[in-house]
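Fold and contact review
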Amino acid sequence: MTENTETKKEIKILAIESSCDETAAAVVVNGRDLRSNVISSQIALHTLYGGVVPEIASRKHIEKINQVIEQALSDAHMTLDDIDAIGVTYGPGLVGALLVGVAEAKAIAYARNIPLVGVHHIEGHISANYIENKDLEPPFLALVVSGGHTHLVRVVDYGKYEILGRTREKVSHEGDPHSIEFPRAKIVGGVYDFSFSGLKSAVLNYLNGCRMKGLEINQADVAASFQQAVTDVLVGHAENAIDEFKMDKFAIAGGVASNGVIRHAMEEMCARKGVKFYRPSPILCTDNAAMIGAAAYYDFIAGKRSGLDLNAVPNLKLGE
């Protein structure tokens with residue numbers, strides 16, 4: 001990226017993330033220096049309902065968002081007067097949850113006359129790697145598994161992405177991962193795309209078959225075998241892309257980076273191929289605002305600005 005005058009001073013980004021059930025705010029300086037990272041989780045609340053309830057999530061965001069922003073600024077020993085730009089997730093995610101963060105960011109930007117930068121949630125996950133890996137620079141290959149989204153991405157430059165593959169629809173430390181051979185899906189016409197619907201159907205069919213035959217089900221073996229099937233597909237796609245595009249750096253992000261089995265398999269594959277491996281720490285793998293601040297910085301110095309008409313886009317595609 002060509003350096004301009006914006007890169008010659010400290011750029012302080014106040015970032016906001018509210019795409020699902022974490023209300024988060026952070027202050028990031030120059031894309032890599034994390035000054036604060038505050039996350040208010042709703043996990044315990046939604047566990048009562050067996051999953052995230054969108055309306056409840058939105059209401060909790062409204063309750064918490066001012067608090068987390070104030071705490072993030074306090075932890076960073078800053079005020080809004082110190083902030084150069086506001087970065088905010090505007091998609092993909094739950095529309096009501098996203099709207100809370102976007103409305104808050106627009107209000108601050110308008111009241112303080114601070115530039116606004118809308119950030120793609122998946123771009124944020126990729127950018128989490130910049131915070132702890134100061135030497136990581138594009139180009140590199142990234143695998144992002146976050147919620148229902150799986151992306152294999154070639155990061156051409158900061159803010160420039162080539163999507164190699166993505167999910168076509170929406171995963172134990174114990175147990176034998178090879179006890180049950182579940183299928184590894186291949187998609188015609190989408191060599192790097194992912195589809196786990198067939199795998200989930202195979203698991204259900206296996207469980208139903210065992211019950212019909214009166215066979216004992218070893219839950220640990222089922223879970224481990226399912227995880228192994230997913231791991232094999234993820235690692236296989238990543239390895240093929242590394243070979244095809246001759247990449248020497250590979251990063252993982254999102255929930256996958258917290259999964260020990262998948263992370264270890266990726267690390268082993270990279271070591272075998274002589275590829276440098278990157279991953280964020282667990283706190284930066286789940287939804288957080290630090291990653292949004294990192295992404296917003298590189299968008300900001302590239303000249304990207306969002307208007308006060310910025311809206312939530314729940315099905316936003318990377319690169320749009």
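What counts and what doesn't
The written sequence of each chain sets the order in which its residues are numbered from 1. With pLDDT at 70 or above as the cut-off, local features in this predicted model cover only qualifying residues; side-chain atom pairs require 80 or more to be listed or tallied, and sums for whole chains, interfaces and linings still use all residues. Hydrogens are left out, water is left out, and the side-chain values use all remaining heavy atoms of the structure. Each pair of strands is called paired provided DSSP finds at least two bridges between the two strands. The numbering of helices and of strands both runs from the N terminus, where a helix is a DSSP run of H or I of at least 4 residues and a strand a run of E of at least 2. The axes used here are C-alpha line fits, helices contributing only the stretch in contact, and every angle between their N-to-C directions lies in the interval 0 to 180 degrees. In this analysis, two residues are considered to be in contact whenever any of their non-hydrogen atoms come within 4.5 Å of each other. Note on definitions: salt bridges are taken to be side-chain nitrogens of Lys or Arg within 4 Å of carboxyl oxygens of Asp or Glu. The rule is simple: take the accessible area with a 1.4 Å probe, protein chains only, and divide by the maximum for that residue type; under 20% is buried, over 50% is exposed, in between is partly exposed.

1. Side note on the sheet that holds strand β2 (residues 22-29)
Taken in spatial order, the 5 strands of this open sheet run β3-β2-β1-β4-β5, and their pairing is mixed. In this open sheet, the two strands that pair with only one neighbour each are β3 (33-41) and β5 (116-120). Averaged over all adjacent pairs, the angle separating strand axes in this sheet is 20 degrees, with direction ignored. Relative to strand β4 (residues 85-91), strand β1 (residues 12-17) is paired through 4 bridges, and the arrangement is parallel. Counterpart to A15 in the pairing with β4 is G87. Sitting on the sheet, helix α3 (residues 95-112) is in contact with β1, β4 and β5, with an inclination near 155 degrees to β4. Against the sheet, helix α4 (residues 121-132) touches β1, β3, β4 and β5, its axis set at about 95 degrees to β5.

2. Considerations on the environment of V153
As for its placement among the helices and strands, V153 is situated in strand β7 (residues 149-157). Residues V153 and L164 lie 11 residues apart in sequence; the distance between their C-alpha atoms is 5.5 Å. Aside from chain neighbours lying at most four places away, what touches V153 is I126, F140, L141, A142, Y161, E162, I163 and L318.

3. Concerning the pattern of salt bridges
Counting across every chain of the model gives 13 salt bridges. With its nearest N and O atoms 3.7 Å apart, the salt bridge here joins E10 to K12. With a relative accessible area of 39%, E10 lands in the partly exposed category. Since its relative accessible area comes to 18%, K12 is described here as buried.

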